[in-house]
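Summary of structural features
What follows is the residue order along each chain.
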Amino acid sequence: MLPPSPPAMMTAIFMLTLSYANGFATLPTELDRPQRCQLERTYKMIGYNCANLNLKEIPQQLKSNLEIFDLSFNRIRDLDQESFSRYGAVKYLYLFENMIQNIEEGTFGALTNLEALDLSFNALKTIPLEIFELPVLRNLYAGHNALTELESDLGRLRKPIKAPLQVLGLPDCRLSRLPDFGILPDLWQLNISSNPMKKLTLEQFSPMCHLKTIDLNNTQIPVCSCQILTAELTLRRTKVMFPPLYCIPLTSSEQDQCRAQVGAALDAEKVADFHQCMDVRNSRQLDTEAKTAWMKISAAVVGCICVFAIILYCLHRRNAKHTKGGPKHRKPIAISDNINRVMAAQAQTVPQEAPVSPGERVKSDKLLSDCD
């Protein structure tokens, strides 16, 4: 391979110098980056990787049956009703690291199969309330957005929500208090770290009766409130992830002093939310057990029917074999053989006449001649 000519080298050096002078440099990795969405298959699902393509709107020329849609690291600002109207089969939608500011009402209405949505690292001020009406949405990530209007918008939220949320991520969203989404009986993981929360009590977690892990890192909860909250959550078997050092539970006497200082009184409404959440979980468990019992009973009945049918079939086959081996298929007996047997039997039963001597025959002939 011949080395490049001096003019070509000078041109390349000049372009590189100019790029650095303008504040950016074109690297070989950027030149090799694909310029269109790549079709990929993950876990037998059809997906499109449209990440880092400098897109400003949602591409509409892709296959409508895609299930994984990665639109991260782009320059999308607005979403409207037409953005995902033809992609109703999407299950996993990634929109993090964009510039999304405005989301028109009805944008996510067609995504009835959506299970996970990531809106992190955008310019959102609230979360569209229609997201909480998606019937199978389990994971929602909206961290690193200035959700200053979320609290006021939640006043219009219809509760209980339809979305069966299991994982909710709201880190660094400038939240001063825990958002009230109503009862969340399926939620088991919550991240509210890096928020300027100053008032956080155990009653606020009552609607989350299934909560298993919570991240309180880098919050501004007062010392006593944080210690009491951490101790009570631990008693509920909820693991506090990365708690501040001053939130570590103290001795029982110090906890009593904190309780006296805080003077926390139970909120009857929040306690009712906890009982309602537990009722929902218990009813679901009873429904699951009932369905399991009915399935077992149905399987047993079907099994008995199958065994009875097999027995009837075997008896039918056995009777059919006996019918084939009956008189209809016996070897016919010749009629002449029957007659010979009858005549032989008659010959044995009828006595034979005694033989006539010649003298007696002569006498009989003489008597017959005299009669004449």
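The rules behind these values
- Residues numbered from 1 in each chain as written.
- Predicted model: local features only at pLDDT ≥ 70, side-chain atom pairs only at ≥ 80, totals over all residues.
- Heavy atoms only, no water.
- Disulfide = S-S within 2.5 Å.
- Helix = DSSP H or I, 4+ residues; strand = E, 2+ residues; numbered from the N terminus.
- Buried < 20%, exposed > 50% of the residue type's maximum accessible area, 1.4 Å probe, protein only.
- Pairing = 2+ DSSP bridges.
- Polar contact = N/O pair within 3.5 Å; in protein donor to acceptor, adjacent residues only side chain to side chain.
- Contact = heavy atoms within 4.5 Å.

**Side note on the state of the cysteines**
A complete count under the given rule lists 3 disulfides for this structure. Bridging Cys 37 to Cys 50, the disulfide has an S-S length of 2.1 Å. Here Cys 37 and Cys 50 share a disulfide; its torsion about the S-S bond, 125 degrees, makes the bridge right-handed. With Cys 37 in the loop between helix H2 (28-31) and strand S1 (38-42) and Cys 50 in the loop between strand S2 (45-49) and strand S3 (68-70), this pair connects stretches of sequence that are 13 residues apart.

**Remarks on the pairing of S2**
Buried residues dominate S2, accounting for 4 of its 5 residues. Both S1 and S2 contribute to a ladder of 5 bridges, which runs antiparallel. Its bridge partner lying in S2, Glu 40 is registered against Gly 47. Linking S1 to S2, which pair antiparallel, is a turn of 2 residues; within it Tyr 43 sits at a positive phi near 50 degrees. One ladder, built from 3 bridges, connects S2 with S3; its direction is parallel. Across the sheet, residue Tyr 48 finds its bridge partner in S3, namely Phe 69.

**Quick word on the side chain of Thr 126**
Within the secondary structure, Thr 126 is located in the loop between strand S7 (116-118) and strand S8 (139-141). For Thr 126, a relative accessible area of 18% gives the class buried. Of note is the side chain of Thr 126, whose polar atom sits 2.8 Å from the side chain of Asp 153. Excluding residues within four positions of it along the chain, Thr 126 makes contact with Leu 147, Glu 149, Leu 150 and Asp 153.

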